[in-house]
Every structure is written in structure tokens, then in C-alpha cells.
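# Coordinates in review
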Amino acid sequence: LPMFLGKLGKRTVVLDPTLDADSGQQTVATQLLDRSLGERVRKAPQFEFLPFESDGLASAHYLLVGSIARVQGAYRLNLALLDIKSGLVVAQASALARQDGVDMKPMNYYRDSPVLTKDDTVEGYLRTTSTPTGKAGDATYLGRIAAGTAISEAATLYNAGRYREALAEYRTLLATPAGNQIRVLNGIYLSSAKLGRPAEAEEAFGRLVAYGLAQKNLSVKFLFNPGSTEFWADPRLTSAYGMWLRQIARQASISRICMDIVGHSSKTGPEAVNDSLSARRASFIRQKLSAESGELASRTRTVGMGSRNNLVGSGTDDVVDAPDRRVEFTIVDCTA
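Residues numbered from 1 in each chain as written. Predicted model: local features only at pLDDT ≥ 70, side-chain atom pairs only at ≥ 80, totals over all residues. Heavy atoms only, no water.

This paragraph deals with the overall build of the protein chain. From N to C terminus, the protein chain includes 12 helices and 10 strands. A compact globule built from 336 residues would reach a C-alpha radius of gyration of about 20 Å, and the protein chain, at 21 Å, matches this within 12%. Residues classed as buried in the protein chain amount to 52% of the 336 residues present. Long-range contacts, defined here as pairs at least 24 residues apart, represent 69% of the contacts in the protein chain between residues at least 6 apart. Just so you have it, the protein chain exposes about 15200 Å², and 52% of that area is on carbon and sulfur atoms. If the 40 positive side-chain charges of the protein chain are averaged to one point and the 35 negative ones to another, these points end up 1 Å apart. (Helix = DSSP H or I, 4+ residues; strand = E, 2+ residues; numbered from the N terminus. Rg over C-alpha atoms; globule rule 2.2 N^0.38 Å. Buried < 20%, exposed > 50% of the residue type's maximum accessible area, 1.4 Å probe, protein only. Contact = heavy atoms within 4.5 Å. Areas by Shrake-Rupley, 256 points an atom, 1.4 Å probe, with all protein chains shown as cover. Lys, Arg positive; Asp, Glu negative; His and termini not counted. Charge placed at Lys NZ, Arg CZ, Asp CG, Glu CD.)

Structural data, given as C-alpha cells:
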């Protein structure tokens, strides 16, 4: 951060909360990094640190973004400082940090999410964190930065258990052009489910699935018993799976698409076992979808990726590496 603090005069800065580059999630570690960055900026006499809210963004000179990525037994921290008016990166830095003591448990919103939230907006944010000085930040991300402040506020409400207020924020966002993104649709589903509104939650999940299929990829976190194709035994975690499968089948049938059902596993166990297990889990999901909509049997095929595409790679088999135990639905060309 010191390299950012040049002789620029008094300037205002906002921080768009940092993300885990692999999963697109906010975690305990990213929040710790946010606090550390905020403290460093506040100590610099030439900077004033503003909250990442609509008023703060409107009056800020600079936008700070950051990410944490796993690299060969360590974490790489990428930080970029952008001039808000021009969208250009005025400073960028990368550093390596040891893995010891880094807590990557996701915040409540991401822990509860049924899907991975890395759409083009989040991917654009992550690309911006490593954009070289003098280059423009990602256009999609910057074009939605105003909506990003409201999304951040809504997620804060959800994480605090204020689901009714969070739902109102997400609904207001969805009514705007920039609000049609996965974090908003996901927030409506999660908040509706927490408020005990099953019909609204299912409708929201259907929209979430339709969005993912339109983007040609949908990653859903199904939790299985270790070494098994049976869903996790705790009904508090799996009670919605029947509805998820129903909506995935319904939206896939409406779209008339063909897709690969790709199973993934955590890295616990031998590679050959994980390959077989992930393939069997993909087949299990295919059978469930075909039971909901028979036509999908001829328009789907299964692939087992084992642990080769782990996003977390911790092997903890808990909430931290839940994204590794996912099933992806990838749109492919239909063959005659």
C-alpha cells in the first residue's frame, strides 16, 4: 500500500470489499484484509477513507480493489487503485503471503449461497485487481460499480441476519438495469428462503438458474456424504435440493438447451477414486433431472473432473471447500 500514497494532495478513497479470487467469495481473510487496508489509508495524511456506499462513491477520487489467490503453497494479494473519473489504474501492487493462519471461511451470504457467484461482473472485478498501472479497469465491472455499493450494503444486511431489509434492497436493485446480475438474484433467493417464503424462494431460484444457463454455465453446490453419491445427511443443508433440481430441470427444458453435467470433488482421497466419485455424482444428478423432465436424458451427458479443478483445494470437507464439491451445468451444442 505505501506505493499508492504518493504526493497527490488530499484525496478521498473508497474500498470495494476484497474477494477470494478462486471462488469470488468474501471470507474471514478478505474482511481482515479490508480492515487492514482501511487502517493504512486512514493513517496516510493525504487520503480520506470513505465507506463503500453511494454517497461515498459519488464524492471519492479513487477506488481501491483487491483479491487473494492461492499460488503454490502461498497466497497472492493483488491491489489496484483506480481513478474513478477516468477508470484508469493509477497504481497496482502484488505480494505473496504465507498460508499459515489464513481463515478462508466464507461470510454468511456466500456460505448459504447455492451457487458460485462469479459472473462477468465479479470476474471483471478480479481482473481489475491485477490490471497494470496506466491501463483501464474492466469495463463491465466499472459500468456496474454504482450498483456494487448497494449490493455490498444488502450483503451486509444479510450477514447480520436482517433478511427483510436485505430482501428490500435486492428487489430495488433488480428493478435497475445494472441489477440483473447473479449476486442480486442470489440475494433475493437467500433472503426469501430465510424469511420462510418458499414460493418466492423457488421463483427466485428459477430466475437464478435461467441467468446461469443464459451465461452458458451454472455451478451449484450440492453437498454429498463423503465417498458417496447420497446427499449430505443434515436436512437443514439439503432440504432445498429437490426444489433446486426441479427448477434446473424446468429451466433447461424451457431453454431447449443441451448441457454437460460436470461433477467435481474435494481433493481428499486418491485421484482415481475422486475421478470415479465425481462421475458417479454427475450421473446421480442427471438421473434426478431426467426424473423431473424425461427429455433431458437425451440432451445431457456426464463428466467427472475429480479434484483437478478445485477452487479451494483445502481438503477440509467442510464449508470452506464446499465450492470444490459442486456440479456444473455447461451449455454445449446439441448433436443430431
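Read on for the rest.
Before going further, it helps to examine the pattern of salt bridges. Scanning the model with the defined rule gives 21 salt bridges in all. Between Asp-100 and Arg-98 there is a salt bridge, with the nearest N and O atoms lying 2.5 Å from each other. Neither residue differs from the other here; Asp-100 and Arg-98 are each classed as exposed. Among the salt bridges present, the one from Glu-295 reaches Arg-299, with a minimum N-O distance of 2.3 Å. Each of Asp-20, Asp-22 and Arg-70 takes part in salt bridges that share partners, so that together they form one network. (Salt bridge = Lys/Arg side-chain N within 4 Å of Asp/Glu carboxyl O.)

Bringing unusual backbone geometry into the picture now. Positive phi, normally seen in glycine, also occurs at Lys-216, with a value near 70°. Note that Lys-216 resides in the loop between α9 (198–214) and β7 (217–220). For Lys-216, a relative accessible area of 52% puts it in the exposed group. Of note, Arg-256 is a non-glycine position whose phi angle comes to about 55°, a positive value. Summarising the element assignment, Arg-256 is placed in the loop between α11 (241–255) and β8 (258–263).

With that settled, the discussion passes to the packing of aromatic side chains. In total, this model carries 16 aromatic pairs according to the counting rule given. Between Tyr-109 and Tyr-110, the aromatic rings sit 4.9 Å apart at their centres with planes inclined by 80°, giving edge-to-face as the arrangement. Assessed through its relative accessible area of 2%, Tyr-109 is described here as buried. Members of the aromatic cluster, connected to one another through ring pairs, are Tyr-189, Phe-205, Phe-222, Phe-224, Phe-231, Tyr-241, Trp-244 and Phe-284. (Phe/Tyr/Trp six-rings, centres within 6.5 Å; stacked < 30°, edge-to-face > 60°.)

Taking 1.5 Å per residue, 13 residues should reach 18 Å; helix α8 (residues 182–194) reaches 18 Å between its end C-alpha atoms and fits that length. With 11 of 13 residues buried, α8 is to be regarded as a mostly interior element. Restricting attention to buried positions, one finds in α8 the residues Ile-182, Arg-183, Val-184, Leu-185, Asn-186, Gly-187, Ile-188, Tyr-189, Leu-190, Ser-191 and Ser-192. A positive phi of about 70° marks Gly-196, the residue just after α8. (Expected span 1.5 Å × (residues − 1).)

Covalent bonding between the sulfur atoms of two cysteines defines a disulfide. Tallying each qualifying case throughout the model produces 1 disulfide. Two residues share a disulfide in this structure: Cys-258 and Cys-334, whose sulfurs sit 2.0 Å from each other. Of note, the bridge from Cys-258 to Cys-334 carries an S-S torsion of about 110° and is right-handed in sense. In this pair, Cys-258 is assigned in strand β8 and Cys-334 in the segment after β10 (327–332), connecting sequence segments 76 residues apart. (Disulfide = S-S within 2.5 Å.)

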